[in-house]
Amino acid sequence: MDDADANRRTIAACEHCGALYAALEFSNETIRPIGRRDGCRCGSTEFSAIEDGSMMSTSCENESEK
Ligand SMILES: [Zn+2]
């Protein structure tokens, strides 16, 4: 169930509305926001990974909401 070790944690930004989510980046370059199987709140399922440690600290707090 918990296969997080195989995937890389990152921050994803929605391609359409720019919303940020804590996300998992899979080896096939798929980005999936954690706790949002249906994608972004705007309905998009296209995300870009953001490599920025400074953003990670603020977004981590949102993860517990799921
Ligand atoms: Zn969006």
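J.: In this structure, what is going on with the environment of Glu15? I would like to understand it.
T.: Counting through the fold element by element, Glu15 comes out in the loop between strand E1 (8–14) and strand E2 (20–25). C-alpha separation for the pair Glu15 and Ser44, spaced 29 residues apart in sequence, amounts to 7.6 Å. In contact with Glu15, other than residues within four places in its own chain, are Ser44, Glu46, Phe47 and Ser48.

J.: I'm lost on the sheet that holds E2 in this one. Help?
T.: Think of a sheet as strands paired side by side through backbone hydrogen bonds, with each pair either parallel or antiparallel. Judged by pairing direction, the sheet is antiparallel, and its four strands sit side by side in the order E3-E2-E1-E4 without closing on themselves. The open sheet terminates on both sides in strands that have one partner only, identified here as strand E3 (31–33) and strand E4 (47–50). Adjacent strand axes in the sheet meet at a mean angle of 50 degrees when their direction is disregarded. Where E2 meets E3, three bridges bridge the pair, whose relative direction is antiparallel. The partner of Ala23 across the bridge, within E3, is Pro33.

Rules of the game
- Residues numbered from 1 in each chain as written.
- Predicted model: local features only at pLDDT ≥ 70, side-chain atom pairs only at ≥ 80, totals over all residues.
- Helix = DSSP H or I, 4+ residues; strand = E, 2+ residues; numbered from the N terminus.
- Contact = placed C-beta atoms within 7 Å.
- Pairing = 2+ DSSP bridges.
- Axes fitted to C-alpha atoms, helices over the stretch in contact; angles between N-to-C directions.

Honestly, that's just the spatial picture; any functional story needs more than this.
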